[in-house]
Amino acid sequence: MPKLLLKFNAAVIKEVAMDKGSISIGRKPDNDIVIDNPAISGHHCKLTMEGGGYYVEDLESTNGTFVNEKRIKKSGLHHNDVVGLAKHAVVFLNEAEAAAAAPQPASDATMLLSPQKQAELVAASSAAAKPAGAEKAGWLRVIKGAVDAPEHELKGMSTYIGKSDRVQIQIKGSGLFGSAPEVAASVHRKPEGYILVAVTEGYPVVNGAKVSGSVVLKEGDMIDCGSTTMMFELREPA
């Protein structure tokens, strides 16, 4: 059964069950809810049940009747609607309507997963989010030439190649293309795989072809930077 909460400012001063078809509100003592306030008309408004629904109707009051801060002549009422009457308010509560509107649990309710199953799902989602070839790490193995180390794992998202002491892979000496540039090329780990970018256009050579722009590396590709040759490999992580 719906009920009404009569409030003054924020305080609830009365609770009334809507147990009949019509409830009147006003200043005169013959109303169902009497509000002794000069801003309230003698017969200010009434709440009614009609055809299974609930309504509030203004009875030509001087200061008007409001529903959720909008002045009305007649308006339907729903759970938690607020009828404003000067400094008073009547809150309409219909628990049956609220329960009917609440989302019902699906027949295939969510299963509570064990910590082990949750860990498995996290691992699977992480694997799916990795870039192509991410299950294996990229490496550059030196075939010939003077390099600071015989092989390099492409650990970060970007690895730079050149003679500068600020790059990750330092090549030395000169070759067919002259002295090695400060930064000759870079390798970037992206969703589509490992991408070699020619920082110095035409200087890096992949499988005998000069690179201008970028190229996706495949396992076994031969990369020449001046007199240094490296092979791109994919290895299982340690």
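Calculation criteria
Residues numbered from 1 in each chain as written. Predicted model: local features only at pLDDT ≥ 70, side-chain atom pairs only at ≥ 80, totals over all residues. Heavy atoms only, no water. Salt bridge = Lys/Arg side-chain N within 4 Å of Asp/Glu carboxyl O. Helix = DSSP H or I, 4+ residues; strand = E, 2+ residues; numbered from the N terminus. Buried < 20%, exposed > 50% of the residue type's maximum accessible area, 1.4 Å probe, protein only. Pairing = 2+ DSSP bridges. Core = buried A, V, L, I, M, F, W, Y, C linked by side-chain atoms within 4.5 Å. Contact = heavy atoms within 4.5 Å. Lys, Arg positive; Asp, Glu negative; His and termini not counted. Polar contact = N/O pair within 3.5 Å; in protein donor to acceptor, adjacent residues only side chain to side chain.

### Focus: the pattern of salt bridges
Going through the model one piece at a time under the given rule, you end up with 6 salt bridges. The salt bridge partner of Lys-74 is Glu-50, with a shortest N-O separation of 3.2 Å. In this pair, Lys-74 sits in strand β9 (residues 74–77) while Glu-50 sits in strand β5 (residues 45–50), placing the two residues 24 residues apart along the sequence. Judged by its relative accessible area of 33%, Glu-50 is partly exposed.

### Some thoughts on the pairing of strand β2 (residues 11–17)
Two elements, strand β1 (residues 3–8) and β2, share 6 bridges in a ladder whose sense is antiparallel. In the sheet register, Leu-4 faces β2, and the bridge partner there is Val-16. Between β1 and β2, which pair antiparallel one after the other, the connecting turn spans 2 residues, and Asn-9 there sits at a positive phi close to 55°.

### Let's talk about the sheet that holds strand β22 (residues 214–216)
Here 5 strands make up an open sheet; going across it, the order is β15-β14-β18-β19-β22 and the pairing mixed. Each edge of the sheet is formed by a strand with only one pairing partner; in this case those strands are β15 (169–170) and β22. Examined bridge by bridge, strand β18 (residues 185–190) and strand β19 (residues 193–198) share 6 bridges and lie antiparallel to one another. Residue pairing for β19: His-188 is matched across the bridge by Ile-195.

### Things to note about unusual backbone geometry
In this model, Glu-60 sits at a positive phi of 55°, which is unusual for a non-glycine residue. By the element assignment, Glu-60 lies in the loop between β6 (53–58) and β7 (65–67). Taking the relative accessible area as the measure of exposure, Glu-60 reaches 70% and is therefore exposed. The phi torsion at Glu-69 lies on the positive side, around 75°, for a residue other than glycine.

### Some thoughts on the nonpolar core
In summary, soluble globular proteins display a tendency toward joint burial of nonpolar side chains. Ranked by size, the top nonpolar core spans 22 residues in total, and within it Leu-140, Ile-161, Leu-196 and Ile-223 carry the most contacts. Secondary structure elements with two or more residues in this core: β12 (137–144), β18, β19, β23 (222–225) and β24 (228–235). The dominant element in this core, judged by the number of residues it contributes, is β19, at 3 residues. Aside from chain neighbours lying at most four places away, what touches Leu-196 is Ala-185, Ser-186, Val-187, Pro-204, Val-206, Val-211, Gly-213, Ser-214, Val-215, Leu-217 and Ile-223.

### Digging into the side chain of Asp-221
Tracing the backbone shows Asp-221 in the loop between β22 and β23. Buried charge Asp-221 goes without a salt bridge, the closest partner of opposite sign being Lys-218 at 4.1 Å. Among the polar contacts listed, one links the side chain of Asp-221 to the side chain of Asn-207, at a separation of 2.9 Å. Side-chain polar atoms of Asp-221 contact the backbone nitrogen of Lys-218, separated by 2.7 Å. Ignoring sequence-local partners within four residues, the contact set of Asp-221 consists of Val-206, Asn-207, Val-216, Met-230, Met-231 and Phe-232.

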